[in-house]
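Structure at a glance
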Amino acid sequence: LADQGHDVVLFNRGSKPVGDKSLMVPGESEEAFSARNERTNAITGDRTNAEELVSLLRDERFDAVYDNNGRELSDSKPLIDLYKGSDTHYIYMSSAGVYLKSDIMPHLEEHAVDPKSRHKGKLDTERYLAESGIRFTSIRPTYIYGALNYNPLEQWFFERLAAGRAVPVPGHGQHLTGLGHVVDLACAMSAVLGNDKTIGQIYNIQDRTAVTFDGTVHACAEAMGIDASKVEIVHYDPAQFKEAFGKKKAFPMRPQHFFTSPCKALADLDWSISYDTAAGLRDSYTNDFVHKLKAGKLKNDFSTDDIVLSSM
């Protein structure tokens, strides 16, 4: 947004002030980082405190509001109520996780949603946005990947491959899943601005293609310069290990087909997809994982792997 000439105001707890070097985007020059910071300001507050949120923003007027971390309706309702009836464009970060499991894939925006989804709060928020009359657009990404990913999705695979370990994969390994690079997601979200066609619309965002679980292992290996044909993949039935795993998450993806079509976004937005799976994983490995490895910041928790592998 800043690169497009917009003035950006962040609302957060202020743990990292504008200009903190840890906020540099991989590959960003000092000059570009400085220029971005000149167009960026911050309001410090706690969005979970509705009274504080409203009091800090009541007199602020924005062309657009990006709600990137509202999970429950209660997180977003005060903000929606504050700007409904205005010309503000409310862009909401939802999730493709709201779709009902289906035999017909990929998921399209008009497909049925799951009222029992763990993302039910996002569904409730989407419904409230539509009912409120606010000018809104909702974005439904699949699994987000790329350098600085808050969710160490691809890191799970890189850690095992870097350690030379066998990679345990639930089921038959042929479940197809959708990945979406964080840069492509950010570009799609910025492309929503100024486009009246997007008002009241929902958009899926992911790569052009889907990849199997086994294919993800192989693609991660190739991104690391490892011969994928020499990587050992061990398939297992997760139901047999439910009690042994306890509350630990043994695999970073849901064991089912889970991918969407980004065709609607490609048609409506001035946007294209820059990263395919191979390029996106190379970016993540080179600009993120390698640095974490050198800094000793990896978890390397293979406890659930060992449970599976020791039983084989």
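Cut-offs used in this document
- Position labels on residues start from 1 in each chain and follow its written sequence.
- The predicted nature of this model means local features are confined to residues of pLDDT at least 70 and side-chain atom pairs, given and counted, to a pLDDT of 80 or more, with totals for whole chains, interfaces and linings taken over all residues.
- Hydrogens and waters are ignored; side-chain quantities use all the structure's heavy atoms.
- The secondary structure listing takes helices from DSSP runs of H or I that are at least 4 residues long and strands from runs of E that are at least 2 residues long, numbered from the N terminus.
- In this treatment the radius of gyration is a C-alpha quantity, and the globule benchmark scales as 2.2 Å times the residue count to the 0.38 power.
- Type-normalised accessible area, obtained with a 1.4 Å probe on protein chains alone, sets the label of each residue: buried when under 20%, exposed when over 50%, and partly exposed for intermediate values.
- Working rule for contacts: check all heavy atoms of both residues, and any pair within 4.5 Å makes them a contact.
- Note that His is not counted, nor are the chain ends; the positive residues are Lys and Arg, and the negative ones are Asp and Glu.
- Charged side chains are reduced to one point each, which is NZ for Lys, CZ for Arg, CG for Asp and CD for Glu.
- The pairing criterion is simple: DSSP has to find at least two bridges between the two strands.
- Convention adopted: a line fitted to C-alpha atoms gives each axis, helices being fitted over their contacting stretch, and angles between N-to-C directions are expressed from 0 to 180 degrees.
- The distinction between a cavity and a pocket rests on a 1 Å grid over the protein atoms alone: a 1.4 Å probe fits inside a cavity but cannot get out, while a pocket stays open yet meets protein on both sides within 12 Å along at least five of seven lines, and a residue with an atom within 4 Å of a point counts as lining.
- Grid points are joined across faces, edges and corners, and a volume is the space filled by probe spheres set on the points.
- For this classification, the nonpolar set comprises Ala, Val, Leu, Ile, Met, Phe, Trp, Tyr, Cys and Pro, the charged set comprises Asp, Glu, Lys and Arg, and every other residue, Gly included, is treated as polar.
- Only buried residues count toward a nonpolar core. Its members are Ala, Val, Leu, Ile, Met, Phe, Trp, Tyr and Cys residues joined through side-chain atoms within 4.5 Å.
- Paired rings are identified among Phe, Tyr and Trp, the last through its six-membered ring, by centres lying within 6.5 Å, and are further divided according to the angle between planes into stacked (under 30 degrees), edge-to-face (over 60) and tilted (the rest).
- We call a crossing left-handed when the near helix sits turned anticlockwise from the far one by less than a right angle, and right-handed when that turn is clockwise.

Quick notes on the overall build of the chain
Within the chain, the regular secondary structure consists of eleven helices and eleven strands. Its C-alpha atoms give the chain a radius of gyration of 21 Å, within 12% of the compact-globule value 20 Å for 312 residues. Burial status across the chain gives 46% buried among its 312 residues. A separation of at least 24 residues holds for 80% of the contacts in the chain among residues at least 6 apart in sequence. Seen as two clouds, the 35 positive and the 44 negative side-chain charges of the chain have centres 4 Å apart.

Some thoughts on the sheet that holds strand 8 (residues 176-181)
With respect to topology, three strands assemble into an open sheet ordered 6-8-10, the strand pairing being mixed. Two strands in the sheet have a free side with no partner beyond their single neighbour: strand 6 (143-145) and strand 10 (210-212). Each strand axis lies, on average, 50 degrees off the axis of its neighbour in the sheet, ignoring direction. As defined by bridge partners, strand 8 adjoins strand 10 across three bridges and the pair is classed as antiparallel.

Notes on the layout of surface pockets
Taken as a whole, the second largest pocket holds about 370 Å³ of empty space. Forming the boundary of the second largest pocket are 16 residues, of which Pro152, Trp156, Glu159, Lys249 and Lys299 lie nearest the centre. Take the lining of the second largest pocket: its biggest share by element is four residues, from helix 5 (residues 153-162). Taken together, the residues of the lining of the second largest pocket break down into five nonpolar, five polar and six charged.

Regarding the nonpolar core
Membership of the largest hydrophobic core comes to 34 residues, with the highest contact counts inside it found for Phe158, Phe251 and Met253. Those elements that provide at least two residues to this core are strand 6, helix 5, strand 7 (167-170), helix 7 (213-223) and helix 10 (277-295). Tallying contributions element by element places helix 7 first for this core, with six residues. Beyond its immediate chain neighbours, meaning those up to four positions away, Phe251 contacts Trp156, Phe157, Pro168, Val169, Pro170, Phe213 and Tyr236. Ile139, Ile144, Leu269 and Trp271 belong to the second largest nonpolar core, which has 16 residues in total.

Structural notes on the side chain of Ser138
Assignment of secondary structure puts Ser138 in strand 5 (residues 135-141). Not counting chain neighbours up to four residues away, the residues in contact with Ser138 comprise Tyr92, Ser94, Glu126, Gln201, Ile202 and Tyr203.

Comments concerning the packing of aromatic side chains
Here the structure, examined in full by the defined rule, presents twelve aromatic pairs. Each ring, one from Tyr236 and one from Phe241, has its centre 5.7 Å from the other, and the planes form 85 degrees; the classification is edge-to-face. Side by side, Tyr236 and Phe241 carry an identical accessibility label, which is buried. Centroid distance Tyr285 to Phe289: 5.8 Å. Interplanar angle 25 degrees. Geometry classified as stacked.

Description of the sheet that holds strand 3 (residues 64-67)
An order of 3-4-5-9 is seen for the four strands of this open sheet, with the pairing classed as parallel. Of all the strands in the sheet, just strand 3 and strand 9 (201-205) have a single pairing partner and so form its edges. Adjacent strand axes in the sheet meet at a mean angle of 20 degrees when their direction is disregarded. Its contacts with the sheet place helix 4 (residues 120-132) against strand 4 (89-93), strand 5 and strand 9, and it is angled at close to 165 degrees to strand 4.

Here's the deal with the environment of Ile205
Tracing the sequence through the fold places Ile205 in strand 9. Ignoring anything within four residues of it in the chain, the contact list for Ile205 reads Ile139, Arg140, Pro141, Thr142, Leu185, Ala188, Ala265 and Trp271.

Some words on the packing of helix 5 against helix 7
With their axes 10 Å apart at the nearest point, helix 5 and helix 7 run at an angle of 65 degrees to one another. As helix 5 runs across helix 7, the sense of the crossing is right-handed. Mapping the contact onto sequence places Phe157, Phe158 and Leu161 in helix 5 and Thr216, Val217, Cys220, Ala221 and Ala223 in helix 7. Its residues assigned to classes, the contact of helix 5 with helix 7 comprises seven nonpolar, one polar and no charged.

Things to note about the environment of Phe157
Tracing the backbone shows Phe157 in helix 5. The class for Phe157 is buried, based on a relative accessible area of 0%. Sequence spacing of Phe157 and Gly27 is 130 residues, and the spatial spacing of their C-alpha atoms is 23 Å. The contact partners of Phe157, leaving out residues within four places of it in the chain, are Thr216, Val217, Cys220, Phe251, Pro252 and Met253.

What to know about unusual backbone geometry
Residue Pro106 follows Met105 across a cis peptide bond; omega there is 0 degrees. Structurally, the position occupied by Pro106 is in the loop between strand 4 and helix 4. Backbone geometry at Asn300 places phi at a positive 50 degrees, although glycine is not the residue there. In this fold, Asn300 is placed in the loop between helix 10 and helix 11 (303-311).

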